[in-house]
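Observations on chain architecture
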Number of protein chains: 2
Amino acid sequence: MSKILVFGHQNPDTDAIGAAISFAYLQKELGKDTEAVALGTPSEETQYALDYFHVEAPRVVESAAAETNQVMLVDHNEFQQSISDIADMTILAVVDHHRIANFETADPLYYRAEPVGCTSTIVLKLFKENNVVIPKQIAGMMVSAIISDTLLFKSPTCTQDDIDAAHELAEIAEINLEEYGLDMLKAGTNLSNKAAEVLLDLDAKSFPMGAKNVRIAQVNTVDLEEVLSRQDELETAMKNENASNGYDLFVLIITDILNSDSELIVIGDSLDKVESAFNVKLTNNRAFLNGVVSRKKQIVPQLTEVFG
Amino acid sequence: MSKILVFGHQNPDTDAIGAAISFAYLQKELGKDTEAVALGTPSEETQYALDYFHVEAPRVVESAAAETNQVMLVDHNEFQQSISDIADMTILAVVDHHRIANFETADPLYYRAEPVGCTSTIVLKLFKENNVVIPKQIAGMMVSAIISDTLLFKSPTCTQDDIDAAHELAEIAEINLEEYGLDMLKAGTNLSNKAAEVLLDLDAKSFPMGAKNVRIAQVNTVDLEEVLSRQDELETAMKNENASNGYDLFVLIITDILNSDSELIVIGDSLDKVESAFNVKLTNNRAFLNGVVSRKKQIVPQLTEVFG
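Looking at an unreviewed UniProt entry, chain A carries the name Probable manganese-dependent inorganic pyrophosphatase, with the source organism given as Enterococcus termitis. Entered under Subcellular location (unreviewed entry) in the UniProt record, the comment concerning chain A runs "Cytoplasm". Turning to chain A, the UniProt record has this under Catalytic activity (unreviewed entry): "diphosphate + H2O = 2 phosphate + H(+)".

Next comes the structure, spelled out in structure tokens:
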């Protein structure tokens, strides 16, 4: 049996990297020849966690066929968010917490999805079900993923399972959840030194919605005004992205992690549909989304419905 | 929250019914308002199990919208094998052991698939993970499902998990596995009194393969010659099915449960592809498939590949 590559989605966030590292470790303990890789370099937030726990960043790959035909996916399933040659791979396993779409296999597989806030919460259950001990640095990456995905439990995607898992892992990782968590989240909000194109690509995913191709990027900040002061530059970059990648609509969500709200900037087709999805009026391509912090729960389903 | 309907695939086999009954019971114990229903009447094999364990056959439904918008699927995921209005339903959970295809949701969900021989083997794990006690009659339906799907452990789809689960459930159900198992399987092989149309519909599923719509029916027998003596009548019925349902290809697998082999009869397009899929030469639309008993593992992937 050839090597098995384990990876999260493109533009990896802390869960995509943390769940890949921890699930690959678990599978290796269970006798599989796995390697955690990533479909992009870690964000500053993720790098903060990797440095803190002395974990090496996974090797970045763009395709798999040159080295294997077997993969395991974490934190995603939609093919357009996955490795470029995913359609040629045998997918042995998926561990995820997203909707299922644009995904199919020729053979039965292991698929474990739960509607929880973070993939790493599910990975913790798998460690327990298989009676595998979690080393400190693996627990550290897993708790970092939960903090990231739930914005320290403030996201509406956060469940009691996530909170329980984070506390259990924090103990193994020997961290103070609040203190470490805020430091890690803040490490990811350093946007001022980034070109607009880079900022738009930090945490962006594409979604086919009806006949439309929708790109949804999200950035976290502790200073909304600082990001909004760059609106012109961001809009130009969004227009360029739409033109060069065939996106019909580009949605940028700028999330205030201290107040748990977001500003929305949209460029492209069907702006009226965006207004009806969120029940807001766009002014200057912008709207304030009160209490919205979760792309998965508060953005994607609403847009999917209006474009359905 | 409205009622949740729990069901297996169309043309239900013993696992589709047994897993629906057992998973609905488990979810009810966990506080959900579930009802096991079925997308067709039980086969004679399934009815044997229901009678033996004094379990009422689930109510047969064709659509769900009149009574609920929430469903849980067992033993299938492909929409064309599901309830007629599946696309309008919120799918809360799936427990399955098949490939994933033609399946998508707008929201995150609970999805549990494992590459084991039977859905009920996975349902047993869920009972244990949730510390719910399994009543005798529920265990009886679950072990019947495992016997059925694995042909008493002879199918190549059968895993050690299935064997272990069956022994554990047989103890709760107070049966002798071999004795009860063979009696139950034989109860499903009474084909001589069935019209060809009925026989073709006992355990049939549709699969989109490339641009083709392929229908694959399977029947179990202890007397291959008896079924093959009706080849003309069966072929006429297969042609009619193709014409009236738009199938490009109808594949009938007649499985000898005592010797663990099958005869294949095919009607429709692309017979050369069928020959290459199974590395056989068709004579009079027929071929012997040595050691083939599993549609899921020995038929569907091979056909999917040649039509891919």
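Description of the sheet that holds strand S3 (residues 59–60) of chain A
In spatial order, the strands read S3(A)-S2(A)-S1(A)-S4(A)-S5(A)-S6(A)-S6(B)-S5(B)-S4(B)-S1(B)-S2(B)-S3(B); together these twelve strands make up an open sheet with mixed pairing. Taken across any chain shown, the strands that pair with only one partner, and hence form the sheet edges, are S3 of chain A together with strand S3 (59–60) of chain B. Pairing of strand S6 (residues 110–113) of chain A with strand S6 (residues 110–113) of chain B involves three bridges; the strand directions are antiparallel. Each residue of the ladder has a partner; that of Ala113 of chain A, found in S6 of chain B, is Tyr111 of chain B. Where helix H1 (residues 14–29) of chain A meets the sheet, it contacts strand S1 (4–7), strand S2 (34–38), strand S4 (70–74) and strand S5 (90–96) of chain A, and its direction lies at approximately 175 degrees from that of S2 of chain A. Strands in contact with helix H1 (residues 14–29) of chain B are strand S1 (4–7), strand S2 (34–38), strand S4 (70–74) and strand S5 (90–96) of chain B; relative to S2 of chain B, the strand with the most contacts, it is inclined by about 175 degrees.

Thoughts on the packing of aromatic side chains
Counted by the stated rule, this structure contains 19 aromatic pairs over all chains. Here the aromatic rings of Tyr25 of chain A and Phe127 of chain A are separated by 6.2 Å at their centres, their planes lie at 25 degrees, and the arrangement is stacked. With Tyr25 of chain A in helix H1 and Phe127 of chain A in helix H3 (residues 119–129), the pair connects residues that are 102 residues apart, well separated along the chain. Its relative accessible area of 1% is what places Phe127 of chain A among the buried residues. Taken together, Phe79, Phe103 and Tyr111 of chain A together with Phe79, Phe103 and Tyr111 of chain B form an aromatic cluster joined through their ring pairs.

Quick word on the domain arrangement of chain A
Residue and element names in this part refer to chain A. Here chain A is partitioned into domain 1 (4–189) and domain 2 (196–307). Spacing between the C-alpha centres of domain 1 and domain 2 amounts to 25 Å. Taken together, the contact pairs 21 residues of domain 1 with 23 residues of domain 2. Carbon and sulfur atoms supply 55% of the area buried between domain 1 and domain 2, which totals about 1,900 Å² over both sides. Applying the counting rule to domain 1 against domain 2 returns four residue pairs in polar contact (both at pLDDT 80 or more). Here the residues of the side of domain 1 that touches domain 2 are counted per class, giving five nonpolar, eleven polar and five charged.

Parameters and conventions
Residues numbered from 1 in each chain as written. Chains lettered and ligands numbered in written order. Predicted model: local features only at pLDDT ≥ 70, side-chain atom pairs only at ≥ 80, totals over all residues. Heavy atoms only, no water. UniProt positions renumbered as here; feature names shortened; annotations may be inferred. Pairing = 2+ DSSP bridges. Helix = DSSP H or I, 4+ residues; strand = E, 2+ residues; numbered from the N terminus. Contact = heavy atoms within 4.5 Å. Axes fitted to C-alpha atoms, helices over the stretch in contact; angles between N-to-C directions. Phe/Tyr/Trp six-rings, centres within 6.5 Å; stacked < 30°, edge-to-face > 60°. Buried < 20%, exposed > 50% of the residue type's maximum accessible area, 1.4 Å probe, protein only. Domains from an automatic or database assignment. Buried area = accessible area lost by both parts, 1.4 Å probe. Polar contact = N/O pair within 3.5 Å; in protein donor to acceptor, adjacent residues only side chain to side chain. Nonpolar A, V, L, I, M, F, W, Y, C, P; charged D, E, K, R; others polar.

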